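Analysis of the macromolecular model
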Amino acid sequence: MFLFGNPELTGTLPTELGRMSAMQYFYANQCDLSGSIPPEIGDLTQLSRFYIFDNKLTGTIPTAIRKLHQLQEFGLGQNNITGTIPSEMWHLQKLEVMTVNDNSLEGTIPTEMGSVVNLEHLDLEGNSFSGRIPDTLGNLFKLQTLRVGGNDLSGAMPVSVC
């Protein structure tokens, strides 16, 4: 489903979205969508790409995301998503791209993130993450891009990441 670039497209993501279980691609960038991501997203078990940049989404990343075993790309930047990155994300072993920049996510960068071995691009920029960058990110041998600016991180960059 390709809805991007429709600023006149307003409203919320319907729970009925979960009925489209064969959907592989969902792009709704630069629309005027609001509300939260419904937990029914977990019913899109064939979904490989989910991009919903530059909207007015709120709420948290639903834990139902754990069901998206085919997910390779997850883009949720430039919204107002709050809370932490759910631990369920780190069970998605096909995940290659994760972009959650410019939201209101907080907490520490989870050490479990280092277990997503296919991750190539990770953008956490412009949130409220705190603490240190975990050494376990050094396990991401395919990682090409790491963006963590604009957070409240402290400490030195781990040698394992450089």
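Residues numbered from 1 in each chain as written. Predicted model: local features only at pLDDT ≥ 70, side-chain atom pairs only at ≥ 80, totals over all residues. Heavy atoms only, no water.

**Remarks on the packing of aromatic side chains**
Worth spelling out the cut-off: A pair of aromatic rings is counted whenever rings of Phe, Tyr or Trp (Trp by its six-membered ring) have centres within 6.5 Å, and the orientation is called stacked for planes under 30 degrees apart, edge-to-face for over 60 and tilted otherwise. A run of H or I in DSSP counts as a helix once it spans at least four residues, and a run of E counts as a strand once it spans at least two, with each numbered from the N terminus. For every residue, the accessible area (1.4 Å probe, protein chains only) is compared with the maximum for its type, and the residue is labelled buried under 20%, exposed over 50%, or partly exposed between those bounds.
Counted by the stated rule, this structure contains four aromatic pairs. Geometrically, the ring pair formed by Phe-50 and Phe-74 is stacked, given 5.8 Å between the ring centres and 15° between the ring planes. Residue Phe-50 is located in strand 4 (residues 49-51), and its partner Phe-74 is located in strand 6 (residues 73-75); the two are separated by 24 residues in the primary sequence. Classification of Phe-74 by relative accessible area gives buried; the value is 1%.

**With respect to the pattern of salt bridges**
When the charged atoms of two side chains lie near each other, side chains of opposite charge can form a pair. Keep this limit in mind: Here, a salt bridge means any Lys or Arg side-chain nitrogen found within 4 Å of an Asp or Glu carboxyl oxygen.
Under the defined criterion, the tally for this structure stands at five salt bridges. Among the salt bridges present, the one from Arg-49 reaches Glu-73, with a minimum N-O distance of 3.3 Å. Of the two residues, Arg-49 sits in strand 4 while Glu-73 sits in strand 6, which places them 24 residues apart along the sequence. A salt bridge links Arg-147 to Asp-123, with the nearest nitrogen and oxygen atoms 3.3 Å apart. A residue pair is termed long-range when its members are at least 10 positions apart, and Arg-147 in strand 12 (residues 145-147) and Asp-123 in strand 10 (residues 121-123) qualify at 24 residues. A residue is classified by how much of its surface remains accessible, and Arg-147, at 36% relative accessible area, is partly exposed. What emerges from the salt-bridge pattern is a single network uniting Asp-123, Glu-125 and Arg-147.

**Quick word on the environment of Gln-144**
By the element assignment, Gln-144 lies in the loop between strand 11 (128-131) and strand 12. With relative accessibility at 58%, the residue Gln-144 sits in the exposed group. Each C-alpha atom, one on Gln-144 and one on Leu-119, is 8.6 Å from the other, the two residues being 25 residues apart in sequence.

**Notes on the sheet that holds strand 7 (residues 82-83)**
Condition: Two strands pair if DSSP finds at least two bridges between them.
Taken in spatial order, the four strands of this open sheet run 7-9-11-13, and their pairing is parallel. The outermost strands of the open sheet, each flanked by one partner alone, are strand 7 and strand 13 (152-153). Inspection of the sheet shows strand 7 paired to strand 9 (residues 104-108) by two bridges, in the parallel sense. By the bridge assignment, Thr-82 is partnered in strand 9 with Ser-104.

**Some points on the side chain of Ser-48**
Heads up, the condition is: Any two residues having at least one pair of non-hydrogen atoms within 4.5 Å are treated as being in contact.
By the secondary structure assignment, Ser-48 is in the loop between strand 3 (32-35) and strand 4. Ser-48 sits in the buried class, given a relative accessible area of 10%. Non-local contacts of Ser-48, meaning those with residues more than four positions away in its chain, are made with Gln-24, Tyr-25, Gln-70, Leu-71, Gln-72 and Glu-73.

**Considerations on unusual backbone geometry**
For Gln-30, which is not glycine, the phi dihedral falls at a positive 55°. Considering the arrangement of structural elements, one finds Gln-30 in the loop between strand 2 (25-27) and strand 3. Although it is not a glycine, Asp-102 sits at a positive phi angle of roughly 55°. Examined against the element boundaries, Asp-102 turns out to sit in the loop between strand 8 (97-99) and strand 9. The exposure class assigned to Asp-102 is partly exposed, which follows from its relative accessible area of 36%.

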